[in-house]
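Listed below are the residues making up each chain.
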Amino acid sequence: MMKIIDFFKSLFKKSSINEQMSIKIDKNTAIYDENTKSESIKQNQEIKIISIWDVVKCNEHTQAYHLVSVIPFDQWIDMDEIRRRIFDLFQIEYQNDRSLYPYLKTMVDLGLIETSNIGGKRKWRKRDLLLKIDKVEGEKNENSEKIQISSQIKN
């Protein structure tokens, strides 16, 4: 009877965090096994990670260009601050300030900009979306690349 109780105690025994996380790191051994490697690493493909803002370009001197230029990644800003920054940077005042809202709404719907509505004031900031670019081997064209979205938001 004691052997059965000891057996069940050993099954439900809590292991310490040190036992769960114990990994020996050596120059000759990998931390992950061969099954968890991605195919692109196995094939020694060139991988490059860039921001989506390096790829997405707006036409110059448009409202979308002005919005993308003044909205930061790390700070929530409201419409008054957006208008002030556009004036400081481009010396442009819009006759109808409401014309900026459709551009912001479209960028929010596309997932490029995120919005918050705290305290009755709507604020915006850019999302830091990263793209993983794998160069495709075996093709003759040097510019052939496969682009994948690898992660969403950088907090």
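Conventions we followed
Numbers given to residues run from 1 along each chain, matching the order in which its sequence is written. Under the rules for a predicted model, residues below a pLDDT of 70 receive no local features and side-chain atom pairs below 80 are neither given nor counted, while totals for whole chains, interfaces and linings still include all residues. Computation of side-chain values covers all heavy atoms of the structure but excludes hydrogens and water. Helix numbers and strand numbers start at the N terminus; a helix is a DSSP run of H or I with at least 4 residues, a strand a run of E with at least 2. Categorising residues by exposure relies on relative accessible area from a 1.4 Å probe, with only protein chains included: less than 20% of the type maximum marks a residue as buried, more than 50% marks it as exposed, and the intermediate range marks it as partly exposed. For this analysis, residues touch if any pair of their heavy atoms sits within 4.5 Å. Two strands are counted as paired when DSSP detects at least two bridges linking them. The span you would expect from a helix comes to 1.5 Å times its residue count less one. This arc describes the spread of directions from the helix axis toward the C-beta atoms. Axes here mean lines fitted to C-alpha atoms, for a helix over just the part in contact, with angles spanning 0 to 180 degrees between N-to-C directions. For classification purposes, angles smaller than 35 degrees are called roughly parallel, those larger than 145 roughly antiparallel, those between 65 and 115 roughly perpendicular, and all remaining angles oblique. Left-handed describes a crossing whose near helix is turned anticlockwise from the far helix through less than a right angle; right-handed describes the clockwise counterpart. Under this grouping Gly is polar, as are all residues other than the nonpolar Ala, Val, Leu, Ile, Met, Phe, Trp, Tyr, Cys and Pro and the charged Asp, Glu, Lys and Arg. The salt bridge definition used is simple: a Lys or Arg side-chain nitrogen within 4 Å of an Asp or Glu carboxyl oxygen.

Section: the overall build of the protein
Now for step 1: Helix and strand content of the protein: 6 helices and 5 strands.
Now for step 2: Reading the helices (α) and strands (β) of the protein from amino to carboxyl end gives α-α-α-β-α-α-α-β-β-β-β.
Now for step 3: Taken over 155 residues, the protein has a buried fraction of 26%.

Regarding helix H4 (residues 63–70)
The periodicity of an α-helix, 3.6 residues per turn, causes residues three or four places apart in sequence to face the same way.
Now for step 1: Within H4, 6 of the 8 residues are buried, leaving the element largely enclosed by the surrounding structure.
Now for step 2: Of all the residues in H4, the buried ones are Gln63, Ala64, His66, Leu67, Val68 and Val70.
Now for step 3: In this fold, the buried residues of H4 make contact with helix H5 (79–90), helix H6 (100–110) and strand E3 (121–126).

Observations concerning the pairing of strand E2 (residues 113–118)
Now for step 1: As defined by bridge partners, E2 adjoins E3 across 6 bridges and the pair is classed as antiparallel. Paired with Ile118 across the two strands is Lys121, which belongs to E3.
Now for step 2: Taken together, E2 and the strand that follows it, E3, pair antiparallel across an intervening segment of 2 residues, in which Gly119 is found at a positive phi of about 70°.

Digging into the side chain of His66
Now for step 1: Mapped onto the secondary structure, His66 falls in helix H4.
Now for step 2: In this structure His66 comes out as buried when scored by relative accessible area, which is 3%.
Now for step 3: Look past the residues within four positions of His66 in its chain and what remains in contact with it is His61, Ile86, Phe90, Ile92 and Tyr94.

Observations regarding H5
Now for step 1: Here H5 spans 16 Å end to end across 12 residues, near enough to the 16 Å set by a 1.5 Å rise per residue.
Now for step 2: Along H5, the positions that sit buried rather than exposed are Met79, Ile82, Arg85, Ile86 and Phe90. Within H5, the buried residues cover an arc of 120° as seen down the axis, which keeps them to one side.
Now for step 3: Buried residues in H5 make contact with H4, H6 and E3.
Now for step 4: Immediately downstream of H5, the backbone of Gln91 shows phi near 55°, a positive value.

Overview of the packing of H4 against H6
Now for step 1: Look at H4 against H6: their axes get within 10 Å of each other, and the N-to-C directions meet at 65°. If you check the angle between H4 and H6, you find them roughly perpendicular. For the pair H4 and H6, the crossing hand works out as right-handed. Across from Gln63, Ala64, Leu67 and Val68 in H4, the residues of H6 making contact are Leu100, Tyr103, Leu104 and Met107.
Now for step 2: Of the residues assigned to the contact of H4 with H6, the class counts are 7 nonpolar, 1 polar and no charged.

Considerations on unusual backbone geometry
Now for step 1: Phi angles above zero are rare outside glycine, and His61 is one such case at about 60°.
Now for step 2: With phi around 55°, Gln91 is a residue other than glycine that occupies positive phi space.
Now for step 3: Relative to the helices and strands, Gln91 resides in the loop between H5 and H6.
Now for step 4: A residue is classified by how much of its surface remains accessible, and Gln91, at 55% relative accessible area, is exposed.

Overview of the pattern of salt bridges
Now for step 1: Across all of its chains, the model carries 8 salt bridges by this definition.
Now for step 2: Two residues, Arg125 and Glu114, come together in a salt bridge whose shortest N-O distance is 2.7 Å. Of the two residues, Arg125 sits in strand E3 while Glu114 sits in strand E2, which places them 11 residues apart along the sequence. Exposure class is identical for Arg125 and Glu114. Each is buried.
Now for step 3: Through salt bridges that share partners, Asp78, Asp80, Arg83 and Lys121 make up one connected network.

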